Amino acid sequence: MTRTAIIAGSGALPRLLAEALNEPVYVTLDETAVPEGIDHVTARIEKLGKLFKELKSHDVGAVVFAGAMARPKINPMKLDHHAFRLARKLGKGDDALLREVLALFEDQGFLIRAATEIRPDLLLAPDTLWGRKPSREDLDDAARAQEVLDALSPLDVGQGAVCAGGQMLGIETVQGTDAMLSFVGATPERLRRARGVFVKAPKRGQDLRIDMPTIGIETVEKLISAGIGGIVVPAGGVIVLEQERIKARIKEAGLFLKAQ
């Protein structure tokens, strides 16, 4: 039997995938909690060759990357030749680094699986609408935020942006979505013409097998705290966790979430 290994970062997604797979192998690179009763492999980024051997010894033929992962801190004195190849990309953008990660695993004969192949129910269908109906101004703000993200895609900057009343209030960078939303929430009222809309979307040409944008209930709570009025995502392009909980919270808070 060919098994799938979950390269697990933080958050709920790795656990959700483990529940959907038959005899998965859980791989952690840090102190990430491991669900009970699952085969577990602890790995070091400097010793990828050892990880590849362990996965093959567990009859793993495919891997799926899930959860948030910070850029690794690498001890250059301990690098094997696989990790050295990866380390050369650390000064590049996220896309270049992640493409190299995929290439390393594929060169070892592992199939790369997307999280959404295993859990397609985590994607939203076209024209999904939760909460209130967005106004014309909301839709214009969403279009403006998407336009900015599209323009920045070749620069490999981020996956999220907030626009309010035609003004850009925040663009996601290396600090991540939560930091951007906190920054937006601290914007003085005199500089805000409207509540605004948060757009989350993949970068153009991004390999969604390893870096699919994700929204969870924590994102929604940050959005509410920041005083933002809604969320727009591309249908089939963003993972949405805890969907019933998020749907209820958005309705309760008077927000909207639209997939288009």
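About the cut-offs
- Position labels on residues start from 1 in each chain and follow its written sequence.
- Under the rules for a predicted model, residues below a pLDDT of 70 receive no local features and side-chain atom pairs below 80 are neither given nor counted, while totals for whole chains, interfaces and linings still include all residues.
- Only heavy atoms go into the side-chain values, all of them from the structure, while hydrogens and water stay out.
- Salt bridge criterion: a side-chain nitrogen from Lys or Arg within 4 Å of a carboxyl oxygen from Asp or Glu.
- Helix and strand assignments come from DSSP, with helices taken as H or I runs of at least 4 residues and strands as E runs of at least 2, each series counted from the N terminus.
- The classification of residues rests on relative accessible area computed with a 1.4 Å probe and restricted to protein chains. Under 20% of the type maximum is buried, over 50% is exposed, and intermediate values are partly exposed.
- Being paired, for any two strands, means DSSP has found at least two bridges between them.
- Fitting a line to C-alpha atoms yields each axis, with helices limited to the stretch in contact; the angle taken between N-to-C directions then spans 0 to 180 degrees.
- Only rings of Phe, Tyr and Trp enter the pairing, Trp through its six-membered ring, and a pair is recorded when the two centres are within 6.5 Å. The plane angle decides the type: under 30 degrees is stacked, over 60 is edge-to-face, the rest tilted.
- Side-chain atoms alone can form a polar contact between residues adjacent in sequence; in general such a contact is a pair of N or O atoms within 3.5 Å, and within protein one must be able to donate a hydrogen while the other accepts it.
- In this analysis, two residues are considered to be in contact whenever any of their non-hydrogen atoms come within 4.5 Å of each other.

Once that is clear, we can look at the pattern of salt bridges. Within the structure shown, the criterion is met by 16 salt bridges. Close ionic contact of Lys50 with Glu54 constitutes a salt bridge, the shortest N to O distance being 2.8 Å. In this pair, Lys50 and Glu54 are both assigned in helix α2 (residues 48-57), four residues apart and thus about one turn of the helix distant. Note on Glu54: relative accessible area 23%, which makes it partly exposed. The shortest N-O distance in the salt bridge between Glu252 and Arg249 comes to 2.8 Å. Of this pair, Glu252 and Arg249 both sit in helix α9 (residues 243-253), three residues apart, which is roughly one turn of the helix.

The next thing to look at is the sheet that holds strand β5 (residues 111-113). Reading across from one edge, β3-β2-β1-β4-β5 is the order of the five strands in this open sheet, with parallel pairing throughout. The two strands at the open ends of the sheet, each matched to only one other strand, are β3 (39-42) and β5. Going from strand to strand, the sheet's axes swing by 30° on average, the running direction of each strand aside.

It is worth spelling out the pairing of strand β13 (residues 256-259) at this point. Of the two faces of β13, both are covered, the one formed by Phe256 and Lys258 as well as the one formed by Leu257 and Ala259. The pairing of strand β6 (residues 129-131) with β13 spans three bridges and is antiparallel. The residue bridging Gly131 from the neighbouring strand is Phe256, located in β13. Across four bridges, the pairing between strand β11 (residues 230-233) and β13 is parallel.

Another aspect to go through is the packing of aromatic side chains. For the structure shown, the criterion picks out four aromatic pairs. Ring centres of Phe52 and Phe105 lie 5.1 Å apart, and the angle between their planes is 85°; on these two criteria the pair is classed as edge-to-face. Of this pair, Phe52 sits in helix α2 while Phe105 sits in helix α4 (residues 94-107), and the two are 53 residues apart along the sequence. The burial state of Phe52 is the same as that of Phe105; both residues are buried. Here the aromatic cluster, defined as three or more aromatic residues joined through ring pairs, consists of Phe52, Phe65, Phe105 and Phe110.

Turning next to the side chain of Arg3. Mapped onto the secondary structure, Arg3 falls in strand β1 (residues 3-8). Here the side chain of Arg3 touches Glu23 through a polar contact of 2.8 Å, landing on its backbone oxygen. A polar atom in the side chain of Arg3 sits 3.3 Å from the backbone oxygen of His58. With near-sequence residues (within four places) excluded, Arg3 lies in contact with Glu23, Pro24, Val25, Asp39, His58, Asp59, Val60, Gly61 and Ala62.

This part takes up the environment of Ala62. Residue placement: Ala62 occurs in strand β4 (residues 60-66). For Ala62, a relative accessible area of 4% gives the class buried. The spacing of Ala62 and Arg193 is 131 residues in sequence and 49 Å in space, taken between C-alpha atoms. Not counting residues up to four positions away in its chain, the partners in contact with Ala62 are Thr2, Arg3, Thr4, Ala5, Phe110, Leu111 and Arg113.

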